[in-house]
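Observations on chain architecture
Residue strings, one per chain:
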Amino acid sequence: FLRSDNFNYITHKIKALTKEINADKIFDAINSFSSESEIRFVGGCIRKIINKEKIDDIDLATNLEPNIVCQILKDNNIDYFESGIEHGTITALVKNKKFEITSLREDVFTDGRHAKVKFSKNWREDASRRDFTINSIYSDKEGNLFDPFNGKKDLENGQVNFIGDVEKRIKEDYLRILRYLRFFLNYSKQPHNEKVLRKIKQNIGQISNLSKERMLNELK
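Below, the structure is looked at part by part. (Residues numbered from 1 in each chain as written. Predicted model: local features only at pLDDT ≥ 70, side-chain atom pairs only at ≥ 80, totals over all residues. Heavy atoms only, no water.)

Once that is clear, we can look at the side chain of S103. Within the secondary structure, S103 sits in strand β5 (residues 97-103). Given a relative accessible area of 2%, S103 falls into the buried group. A distance of 2.6 Å separates a polar side-chain atom of S103 from the backbone oxygen of L64. Once you skip the residues sitting within four places of it in the chain, S103 turns out to touch T62, L64, E65, P66, G88, F119 and D126. (Helix = DSSP H or I, 4+ residues; strand = E, 2+ residues; numbered from the N terminus. Buried < 20%, exposed > 50% of the residue type's maximum accessible area, 1.4 Å probe, protein only. Polar contact = N/O pair within 3.5 Å; in protein donor to acceptor, adjacent residues only side chain to side chain. Contact = heavy atoms within 4.5 Å.)

Next up, the structure:
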């Protein structure tokens, strides 16, 4: 976890967000399950808080497997549905607000479109399988950040960096080409990295194998 120059702002916004969207109920249910159970905000909502954007979706990550998450939600009278349980995602509902809760995981197999995953308890492992550093920032409900790849620094410097090997990350899921362009347009203050451009050009044809639904969602 880290504290930062504008930590007071981030802390305040995350605490306010938790209260505003009634997320306490989910955090308390999972954090109190055992001495090791934990849940954190992750991805877009943290990125948008740091960048002072409007938050429109809430993603959470937990070190518990999805069947346990379901049982905890049921025991605490929290409505949910299994939106993508084979990949570890449960959608909880609190006062008509949706929360996507995904178990920590690592990729066992990827083919550019689909991934086979296994569940994990390692937060850094989960972060390392994500696409960009600016999407691998986690926070507890108190606003303490877990940022193993310095995504906050990249966001503040206007840099869109892949995590790990660029070509490997693209070949895991070719949708990341479109995601890179979207994030570059939204956040970059730097020119394109020539290596990234070269790898995108080499793999651009694979986009035609993606489903129309996934491409449309990204383009929208």
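Looking now at the side chain of R105. The topology assignment puts R105 in strand β6 (residues 105-110). Here R105 sits buried without a salt bridge, and the closest side chain of opposite charge, D126, lies 5.0 Å off (N-O distance). (Lys, Arg positive; Asp, Glu negative; His and termini not counted. Salt bridge = Lys/Arg side-chain N within 4 Å of Asp/Glu carboxyl O.)

For the rest of this paragraph, the subject is the packing of helix α8 (residues 175-187) against helix α10 (residues 212-219). At their nearest, the axes of α8 and α10 sit 10 Å apart, and the two run at 5 degrees to each other. Compared by their axis directions, α8 and α10 come out roughly parallel. Judged by residue contacts, L175, L178, R179 and R182 of α8 engage R214, M215 and E218 from α10. In terms of residue class, the contact of α8 with α10 is made up of three nonpolar, no polar and four charged. (Axes fitted to C-alpha atoms, helices over the stretch in contact; angles between N-to-C directions. Parallel < 35°, antiparallel > 145°, perpendicular 65-115°, else oblique. Nonpolar A, V, L, I, M, F, W, Y, C, P; charged D, E, K, R; others polar.)

On to the pairing of strand β2 (residues 59-62). Pairing of strand β1 (residues 39-42) with β2 involves three bridges; the strand directions are antiparallel. Pairing of F41 across the sheet is with L60, part of β2. Bridging between β2 and β5 involves four bridges; their strand directions are parallel. By the bridge assignment, T62 is partnered in β5 with S103. (Pairing = 2+ DSSP bridges.)

What follows is about the packing of aromatic side chains. In this description, a pair of aromatic rings is defined by centroid distance and the angle of the planes. Inspection of every chain in the model, using the stated rule, returns nine aromatic pairs. Ring centres of F27 and F41 lie 4.9 Å apart, and the angle between their planes is 50 degrees; this geometry places the pair in the tilted category. Taken together, the positions of F27 in helix α2 (residues 24-31) and F41 in strand β1 put the pair 14 residues apart, joining distant regions of the chain. F41 matches F27 in its accessibility class, with the two residues each being buried. With a centroid separation of 5.7 Å and an interplanar angle of 55 degrees, the aromatic rings of Y138 and F146 are classed as tilted. The two residues Y138 and F146 agree in class, both being buried. Clustering of aromatic rings is evident, with ring pairs tying together F132, F162, Y180, F183, F184 and Y187. Across from the ring centre of Y9, 4.8 Å away, lies the NZ or CZ of K52, which sits over that ring. Above the plane of the ring of F183 lies R182, whose end atom (NZ or CZ) is 4.5 Å from the centre. (Phe/Tyr/Trp six-rings, centres within 6.5 Å; stacked < 30°, edge-to-face > 60°. Lys NZ or Arg CZ within 6 Å of the ring centre and 35° of its normal.)

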